[in-house]
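Chain residues, written in single-letter form:
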Amino acid sequence: MADDNDVSLPRTTLQKMIKDLVPPDMRVANDTVDLVIACCTEFIQLISSESNEVATRESRSIIHPDHVVRALTELGFQSFVGEVTAAWDTFKEETKTAHSRKADLRKTGAEHAGLSEEEQILLQQQMFAQARAVSMTTSESAAAMHAAYEQAMVAQQQQQHAQGGALYQQQHLNRLHPGGSVVPQHQQHLLPGGGAGGDGPGGTSDGAGGDPTSLDTDDGYSE
């Protein structure tokens, strides 16, 4: 039994590859799958070691695909070179396509529209100007709403003061003559109308509230 720390290929992947290569009516024993996995692992380790030798002779610290191709040739696996080279070309094409797709995803809307760098800068400046205009409009609207609110508050306060003054005056008059009682003569000038009587500036019918400068023609004097 192999050690758990040994490097090995994925069993599921290798088993699927074997199943795809053998006829449909043929079954493969588990021991056979283990043996194929062990052979593939040994082959990969051998190619990796030889590729490292090739790269070291060239004073390279990275193993490149061409090092692997040369290692196959030096180990006597020239028949594998064609398929390995084709797989390498396919990998490069797929990688190039993937990079192009990622680059397209990173492109902006202006780049997709085919705009030049100068046109993109002009478009950006226009967008900034529009944003500033919207911001200024919003600020002016907020200022107008604040001014209207302050005016409404001032009008409300004035109305409250006026209502409070009228209520105070009514309470003061009620204290002067509560329940319709007679107001003393020294307080009669406080009543509405300015007269001492209750019937207006001319006083009552008994003359108590008349004009003090007028003369009574019915006092028994005559010329």
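Residues numbered from 1 in each chain as written. Predicted model: local features only at pLDDT ≥ 70, side-chain atom pairs only at ≥ 80, totals over all residues. Heavy atoms only, no water.

A. Region of the structure containing the overall build of the protein. What the protein contains, in helices and strands, is 6 helices and 0 strands. Starting at the N terminus and ending at the C terminus, the protein contains elements arranged as α-α-α-α-α-α. Expressed as a percentage of its 223 residues, the buried residues of the protein come to 11%. Expressed as a percentage of contacts within the protein between residues at least 6 apart in sequence, the contacts between residues at least 24 apart total 25%. (Helix = DSSP H or I, 4+ residues; strand = E, 2+ residues; numbered from the N terminus. Buried < 20%, exposed > 50% of the residue type's maximum accessible area, 1.4 Å probe, protein only. Contact = heavy atoms within 4.5 Å.)

B. Focus on the environment of Gly82. In this structure, Gly82 sits in helix H4 (residues 81–106). Judged by relative accessible area, Gly82 falls into the partly exposed class, the value being 48%. The spacing of Gly82 and Val69 is 13 residues in sequence and 9.2 Å in space, taken between C-alpha atoms.

C. View of the packing of helix H2 (residues 30–57) against helix H3 (residues 65–74). Taken N-terminus to C-terminus, the directions of H2 and H3 make an angle of 110 degrees; their axes are 8 Å apart at the nearest point. With respect to their mutual orientation, H2 and H3 come out roughly perpendicular. At the point where H2 passes H3, the crossing takes the right-handed sense. Two secondary-structure elements touch here, H2 through Phe43, Ile47, Glu50, Ser51, Val54, Ala55 and Arg57 and H3 through His67, Val68, Arg70, Ala71, Leu72 and Glu74. By residue class, the composition of the contact of H2 with H3 is 7 nonpolar, 2 polar and 4 charged. (Axes fitted to C-alpha atoms, helices over the stretch in contact; angles between N-to-C directions. Parallel < 35°, antiparallel > 145°, perpendicular 65-115°, else oblique. Left-handed = near helix turned anticlockwise from the far one by under 90°. Nonpolar A, V, L, I, M, F, W, Y, C, P; charged D, E, K, R; others polar.)

D. Expanded view of the side chain of His67. With respect to the secondary-structure elements, His67 resides in helix H3. When residues no more than four places from it in sequence are discounted, the contact partners of His67 are Ser51, Val54, Ala55, Glu58, Arg60 and Ile62.

E. Structural view of the confidence of the model for the protein. On average, residues of the protein carry a pLDDT of 74, and 66% of them reach 70 or more. Averaged over each element, pLDDT in the protein is lowest for helix H5 (residues 109–112) (56) and highest for H2 (93). Note on residues 194–223: pLDDT under 50 across the span, and 16 contacts to partners over four residues away in sequence or across chains. (pLDDT = per-residue confidence, 0-100.)

F. Structural view of the side chain of Thr41. Within the fold, Thr41 resides in helix H2. Under the relative-accessibility criterion, Thr41 is labelled buried at 11%. When residues no more than four places from it in sequence are discounted, the contact partners of Thr41 are Val7, Ser8 and Leu9.

G. Structural context of H2. Under the 1.5 Å per step criterion, the end-to-end length of H2 is 41 Å for 28 residues, consistent within 8% with the ideal 40 Å. The inward-facing, buried residues of H2 abut helix H1 (11–21) and H3. At the exit of H2 stands Ser59, carrying a positive phi of roughly 55 degrees. (Expected span 1.5 Å × (residues − 1).)

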